[in-house]
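# Results of the structural survey
Here's the letter readout for the chains.
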Amino acid sequence: MASDTPVPATMQAITFSKYGDSSVLEHGNVATPLLSDKDTHCILVRVHAAGVNPADYKVRKGDMATMVKMHFPAIPGLDYAGVVAAVHSGYSGLLKVGDRVYGKTGEMQDKGAYAQYIKLDTKLDLVVPLPENVSFNDAGGVAVVALTAYVGLVPYGGLSKNVAENAGRRVLVIGASGGVGMFVVQMAKLLGAHVTAVASGKNKDFVVNTLKADTFVDYTLAPLAEQLPAKNEFDVIYDAVAGDDGKNWELAQTILKPSGLFVSPVPPFDGPVSVGNMTSMMGTLAWRAVSSSRRYKFISSIPVSDFPVVAQWIAKGSLKLVTSLALPLAEARRAQELSETGRTVGKIVLNP
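Note that the coordinates shown come from a computational prediction; the quantities given were computed from them, not determined experimentally.

## Here's the deal with the pairing of strand 14 (residues 323–328)
Inspection of the sheet shows strand 14 paired to strand 15 (residues 347–351) by five bridges, in the parallel sense. Each residue of the ladder has a partner; that of Thr323, found in strand 15, is Lys347.

In structure tokens, the structure reads:
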């Protein structure tokens, strides 16, 4: 293991040893991850900011227990930004000790980023050089939401990578001020589309003046069906808040073009993932797929291989990275509680 400064044997981390509400989260000292002989592609990163995502509290509550097996005590957290603290002696990549990096774990794991150090596999996890003009706090909450936004727009076929091909295309973003929605708005604009953004009126200035949405709709004033009466208007509807009671899909049958795409990162059911509701979800998706000429897609995975385009936008400063709240690691309970309200603007990060 190559390191300029000794890595401490223990570190501060947030752990949970059983599923439950935020009270199961504990702040304390645990063993620092080690780079073993087999970890030839691995590096150790000193975490400066860890992103707080809805997936974190869903895993903590046990909502995903049938899909994600936790080995307790588990450390939550997918997103991170920090500095390379050590590299395996057999690592042959370009990263070196002292480099600023950010990214996300390749999949949900039980030794995540709510800690002072995280071990990352450069072949499986997302590890990207962090531009000097981007702060740790802003980068620490980016990867999951930005990748979710991009996957729903481009790989799923709503918009083209070729900006010229998107001229005249119209995108409706529901939940435009949230962590995913704010990136959908910006990316759709960068890709040349016209964007109509739906959010609470209190966030209008942020959505219009910061994110640069073309049109703003305040969902608190009247039902969307009343405010969006035009038929076959949108090429893409990105529903970042769904839930899903089906109302937005029903609305899409009127306002989405017949060949258009309805996409959401939120499954069409609430509560824990189980065999029963997974079956229900697949049935719902199948029914929606065959009951309409409009395409319905649920974002079930966000492969790190799709991130390079996003990284280029961030490096160029084309995407505004908005961190609404940075809290000490010890306040992880509060951070997850705020995330769970679904009413935060931008991102929340923890500073270990």
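## A short note on the packing of aromatic side chains
Evaluated as defined, the whole model comprises seven aromatic pairs. The interplanar angle of 75° and the centroid separation of 6.0 Å between the aromatic rings of Tyr150 and Trp313 together place this pair among those described as edge-to-face. In this pair, Tyr150 is assigned in helix 3 (residues 143–153) and Trp313 in helix 9 (residues 308–316), connecting sequence segments 163 residues apart. What makes Tyr150 buried here is its relative accessible area of 2%. Accessibility expressed as a relative area gives 12% for Trp313, which makes it buried. Site record: aromatic cluster; members linked through ring pairs are Phe16, Tyr19 and Phe72. Taking NZ or CZ as reference, Arg46 lies 5.8 Å from the ring centre of Tyr117, over its face. Of note, Arg100 hangs over the ring of Phe136, and the distance from its end group to the ring centre comes to 4.7 Å.

## Describing the pattern of salt bridges
A full pass over the atoms with the stated rule returns twelve salt bridges. Here Arg334 and Glu331 are joined by a salt bridge, their closest N and O atoms 3.3 Å apart. The exposure class assigned to Arg334 is partly exposed, which follows from its relative accessible area of 41%. Its relative accessible area of 30% is what places Glu331 among the partly exposed residues.

## Thoughts on the side chain of Gln186
For Gln186, the location among the structural elements is in helix 4 (residues 181–190). The exposure class assigned to Gln186 is buried, which follows from its relative accessible area of 5%.

## Thoughts on the sheet that holds strand 11 (residues 234–239)
Strand order in the open sheet formed by six strands is 10-9-8-11-12-13, with parallel pairing between adjacent strands. In this open sheet, the two edge strands, each paired with only one partner strand, are strand 10 (215–218) and strand 13 (295–298). Each adjacent strand pair in this sheet contributes to an overall mean axis angle of 15°, direction not counted. Pairing of strand 12 (residues 256–264) with strand 13, which is carried by four bridges, proceeds in the parallel orientation. Its bridge partner lying in strand 13, Val263 is registered against Lys297. Each of strand 11 and strand 12 touches helix 3; the most contacted strand, strand 11, lies at about 150° to it.

## Observations concerning the domain arrangement of the protein chain
The accessible area lost on association of the parts is a frequent measure of interface size. By domain assignment, the protein chain separates into domain 1 (10–142 + 323–350) and domain 2 (157–298). Its C-alpha centre places domain 1 at a distance of 29 Å from the equivalent point of domain 2. Opposite the ten residues of domain 1 that make contact, domain 2 presents twelve residues. The contact between domain 1 and domain 2 buries some 830 Å² in all, and 61% of this surface belongs to carbon and sulfur atoms. Where domain 1 meets domain 2, there are zero salt bridges. Where domain 1 touches domain 2, the interface holds zero residue pairs in polar contact (both at pLDDT 80 or more).

## Examining the nonpolar core
Grouped together as the largest cluster of nonpolar side chains are 60 residues, with contacts concentrated most on Tyr102, Leu153, Phe183, Met187, Val207, Phe307 and Ile314. It is helix 3 that provides the largest number of residues to this core, a total of nine residues. The two domains that each donate at least three residues to this core are domain 1 (10–142 + 323–350) and domain 2 (157–298). When sequence neighbours within four positions are dropped, the list of residues in contact with Leu153 reads Gly158, Leu159, Val184, Met187, Ala188, Val236 and Tyr238. Core analysis: the next-biggest nonpolar cluster, separate from the first, contains 41 residues, Leu44, Val52, Tyr80 and Leu120 among them.

## Topic: the packing of helix 1 (residues 54–61) against helix 10 (residues 332–341)
For the pair helix 1 and helix 10, the least separation of the axes is 9 Å and the interaxial angle reads 105°. Considering their axes alone, helix 1 and helix 10 lie roughly perpendicular with respect to each other. Each of Pro54, Asp56, Tyr57, Arg60 and Lys61 in helix 1 lies in contact with helix 10, whose residues at this interface are Gln336, Ser339 and Glu340. Among the residues forming the contact of helix 1 with helix 10, the class breakdown is two nonpolar, two polar and four charged.

## Regarding unusual backbone geometry
For the peptide bond that leads from Phe72 to Pro73, omega is -5°, which places it in the cis range. Following the sequence through the fold, Pro73 ends up in the loop between helix 1 and strand 4 (79–87). Even without glycine at this site, Lys212 takes up a positive phi of about 70°. Along the chain, Lys212 turns up in the loop between helix 5 (204–210) and strand 10. One non-glycine residue, Asn232, adopts positive backbone phi at about 50°. Along the chain, Asn232 falls in the loop between helix 6 (224–227) and strand 11.

## Quick look at helix 9
For helix 9, the complete set of buried residues consists of Val310, Ala311, Trp313 and Ile314. The arc that holds the buried residues of helix 9, viewed along the axis, is 160°, so those residues lie on one side. Check the buried side of helix 9 and you find it contacts strand 5 (100–104), strand 7 (126–129), helix 3 and helix 4. Immediately downstream of helix 9, the backbone of Gly317 shows phi near 80°, a positive value.

Rules and cut-offs
- Residues numbered from 1 in each chain as written.
- Predicted model: local features only at pLDDT ≥ 70, side-chain atom pairs only at ≥ 80, totals over all residues.
- Heavy atoms only, no water.
- Pairing = 2+ DSSP bridges.
- Helix = DSSP H or I, 4+ residues; strand = E, 2+ residues; numbered from the N terminus.
- Phe/Tyr/Trp six-rings, centres within 6.5 Å; stacked < 30°, edge-to-face > 60°.
- Buried < 20%, exposed > 50% of the residue type's maximum accessible area, 1.4 Å probe, protein only.
- Lys NZ or Arg CZ within 6 Å of the ring centre and 35° of its normal.
- Salt bridge = Lys/Arg side-chain N within 4 Å of Asp/Glu carboxyl O.
- Axes fitted to C-alpha atoms, helices over the stretch in contact; angles between N-to-C directions.
- Contact = heavy atoms within 4.5 Å.
- Domains from an automatic or database assignment.
- Buried area = accessible area lost by both parts, 1.4 Å probe.
- Polar contact = N/O pair within 3.5 Å; in protein donor to acceptor, adjacent residues only side chain to side chain.
- Core = buried A, V, L, I, M, F, W, Y, C linked by side-chain atoms within 4.5 Å.
- Parallel < 35°, antiparallel > 145°, perpendicular 65-115°, else oblique.
- Nonpolar A, V, L, I, M, F, W, Y, C, P; charged D, E, K, R; others polar.
- Arc of directions from axis to C-beta.

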